[in-house]
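Summary of the model geometry
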Amino acid sequence: MTHPTDLNQVLFDRASKVIPGGVNSPVRAFRAVGGTPRFISRAQGAYIWDANGQRYTDYIGSWGPMILGHGHPAVVEAVQKAVLEGFSYGAPTEREVELAEAILKIMPSMDMVRLVSSGTEAAMSTIRLARGATGRSKLIKFEGCYHGHADALLVKAGSGLATFGNPTSSGVPPEVVQHTVVLEYNNIEQLEEAFAIQGHEIACLMMEPICGNMNFVRASVPFVKRCRELCTQYGALLVFDEVMTGFRVALGGAQSVYAKDIPGFEPDMTVMGKVIGGGMPLAAFGAKRAVMQHLAPLGTVYQAGTLSGNPVATACGLATLAEISKPGFYDELGRKTRALISGLSQAAAAEGVAFCGDSEGGMMGFYLLPELPQTYSQVMKTEGAKFNQLFHGLLDRGVYIAPALYEAGFVSNAHTDADIAATVAAAQDVFKSLSTQ
Ligand SMILES: *Cc1c(COP(=O)(O)O)cnc(C)c1O
């Protein structure tokens, strides 16, 4: 990989001189798996090409947004048209209203949304709004869930339920996370205890309903049900962070999936991002009117953004939503994603490699473990070295999956059955080498 004609390496060396770690978001650096990150020069449909001109079947999809694959013609056309009309005005536009209306039609748990530019911003603003609306300071989050990098959310569990969490990043003063209570995912007993101790001080409980930042861990139905009941009982707001799952696991997001098992289920607040921007910087958060009216300029909770509701990003988001709203879209996407996971399971079984996987809609995850984990500590039992071999084995065979074992994967509707079959064949080849060691 250090050959002077490896253009990825040439670019990475150049990048490392001017950008910390050579990347603008840490996981891109391949630190967990080793090797040189691929510098992507273009993408089309299910494929991306690196600086050497090498093609890969893409199961990252920009970490979720590219649900239609890259360069979908209807989306490209909408963006090109929008660009000609102007990049940004800092004034309201009709397209923002259209996108807000489209989101609310798809997710009826909300009456109003505010558009922002990143999932981090949406989650951070949601917490401020939840605190402002309830007049309370504390929030609950779960170990292993990621909600962007706002200070109050960069925290891991402390020593006890009533104690403060500890920052997971330097630069975050301990005082800043003293109102964040960190609990174990899928642990109902701990949840009940935490509410019993401080339920009346909790502004909100924020969760990834299907946790893609632990690769793919579902919140159990009884756990979600208990989260809902306790929030209602104590007057805390239940926040579904659907930045990854929204418009991805189903058109109506994970909340529509849980509503099938829990009649009438709705979160109080929803955080969105990734797919709603279709690859452009766009995210949102929303709730019922009673909560959203606390937001400036209606209320006293301040929140703003120079590029919020950007006219090019909203054009991209609207065109993407129009495509995914077509009848049968998620049936087909779900079928392909399940075919990939079952093909990989069979290939691993044939080679005697411990493997398990799960998917919902176009989101998937797998582990080199005999059974699906339920908590962060179980996820972390995966053998990193084996995953790294799988990762590089696939990469060498033209298959691009997330370069870290705790990240979910994504299938787009541009992936064909032939792409999936080729990926399964490549994986079987790699599993063979894993089992003969
Ligand atoms: C990606 C992600 C975020 C952060 O979004 P950014 O746009 O990267 O800031 C927040 N929550 C979840 C669940 C995510 O997957």
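Residues numbered from 1 in each chain as written. Predicted model: local features only at pLDDT ≥ 70, side-chain atom pairs only at ≥ 80, totals over all residues. Heavy atoms only, no water.

1. Here we look at the site of the ligand
Within the structure, the ligand sits among Ser-118, Gly-119, Thr-120, Tyr-146, His-147, Gly-148, Glu-208, Asn-213, Asp-241, Val-243, Met-244 and Lys-274. A distance of 2.7 Å separates an oxygen atom of the ligand from a polar side-chain atom of Thr-120. Tyr-146 is positioned such that a nitrogen or oxygen atom in its backbone is 3.2 Å from a nitrogen atom of the ligand. Residue composition of the shell around the ligand, grouped by class: three nonpolar, six polar and three charged. (Near = heavy atom within 4 Å. Polar contact = N/O pair within 3.5 Å; in protein donor to acceptor, adjacent residues only side chain to side chain. Nonpolar A, V, L, I, M, F, W, Y, C, P; charged D, E, K, R; others polar.)

2. Section: the sheet that holds strand E18 (residues 409-410)
If you walk across this open sheet you meet the three strands as E15-E16-E18, and the pairing is antiparallel. Edge positions in the sheet fall to strand E15 (356-360) and E18, since each has one partner strand and no second. (Pairing = 2+ DSSP bridges. Helix = DSSP H or I, 4+ residues; strand = E, 2+ residues; numbered from the N terminus.)

3. Re the packing of helix H10 (residues 329-350) against helix H13 (residues 417-435)
The contact between H10 and H13 brings their axes to 9 Å, and the two run at 20°. As the angle between them shows, H10 and H13 are arranged roughly parallel. The handedness of the crossing between H10 and H13 is right-handed. Residues Arg-335, Lys-336, Ala-339, Leu-340, Gly-343, Leu-344, Ala-347, Ala-348 and Ala-350 of H10 touch H13, and the partners they reach there are Asp-417, Ile-420, Thr-423, Val-424, Ala-427, Gln-428 and Phe-431. (Axes fitted to C-alpha atoms, helices over the stretch in contact; angles between N-to-C directions. Parallel < 35°, antiparallel > 145°, perpendicular 65-115°, else oblique. Left-handed = near helix turned anticlockwise from the far one by under 90°. Contact = heavy atoms within 4.5 Å.)

4. What about the domain arrangement of the chain?
If you check the domain split of the chain, you get domain 1 (7-71 + 327-435) and domain 2 (73-324). On a C-alpha basis, the centres of domain 1 and domain 2 stand 25 Å from each other. The partner domain 2 presents 32 residues to the 32 residues of domain 1 that form the contact. For the pair domain 1 and domain 2, the summed buried surface comes to about 2600 Å²; carbon and sulfur atoms form 59% of the total. Of all residues in domain 1, the largest losses of buried area upon contact with domain 2 belong to Tyr-330, Glu-360 and Met-363, amounting jointly to 24% of the total for that side. (Domains from an automatic or database assignment. Buried area = accessible area lost by both parts, 1.4 Å probe.)

5. Some details on unusual backbone geometry
Here Ala-296 and Pro-297 are connected by a cis peptide whose omega angle stands at 10°. Position of Pro-297 relative to the elements: it lies in the loop between helix H8 (289-292) and helix H9 (311-324). Of note in this structure, Ser-62 is not a glycine but carries a positive phi near 60°. By the secondary structure assignment, Ser-62 is in the loop between strand E3 (55-58) and helix H2 (73-85). A positive phi angle, near 80°, is found at Asn-215, a position not held by glycine. Position of Asn-215 among the secondary structure elements: in the loop between strand E10 (210-211) and strand E11 (217-218).

6. What about the packing of H2 against H9?
Close contact between H2 and H9 brings their axes to 8 Å; oriented N to C, the two are set at 155°. Accordingly, the angle class assigned to the pair H2 and H9 is roughly antiparallel. Helix-helix and strand crossings are classified by hand; for H2 and H9 the assignment is right-handed. Contacts between H2 and H9 involve Ala-74, Val-75, Ala-78, Val-79, Ala-82 and Val-83 on the former and, on the latter, Pro-311, Val-312, Ala-315, Cys-316, Ala-319, Thr-320 and Glu-323. Split into classes, the residues belonging to the contact of H2 with H9 amount to 11 nonpolar, one polar and one charged.

7. A short note on the layout of surface pockets
Empty space within the second largest pocket amounts to approximately 430 Å³. Together, 21 residues line the second largest pocket, and Glu-96, Arg-114, Leu-115, Ser-308 and Gly-309 are the ones closest to its centre. Of all elements in the fold, only helix H3 (94-106) and strand E4 (112-116) reach the threshold of two or more residues within the lining of the second largest pocket. Its residues assigned to classes, the lining of the second largest pocket comprises 10 nonpolar, nine polar and two charged. (1 Å grid on protein atoms, 1.4 Å probe; cavity = no way out; pocket = protein on both sides within 12 Å on 5 of 7 lines; lining within 4 Å. Points joined across faces, edges and corners; volume = space filled by probe spheres on them.)

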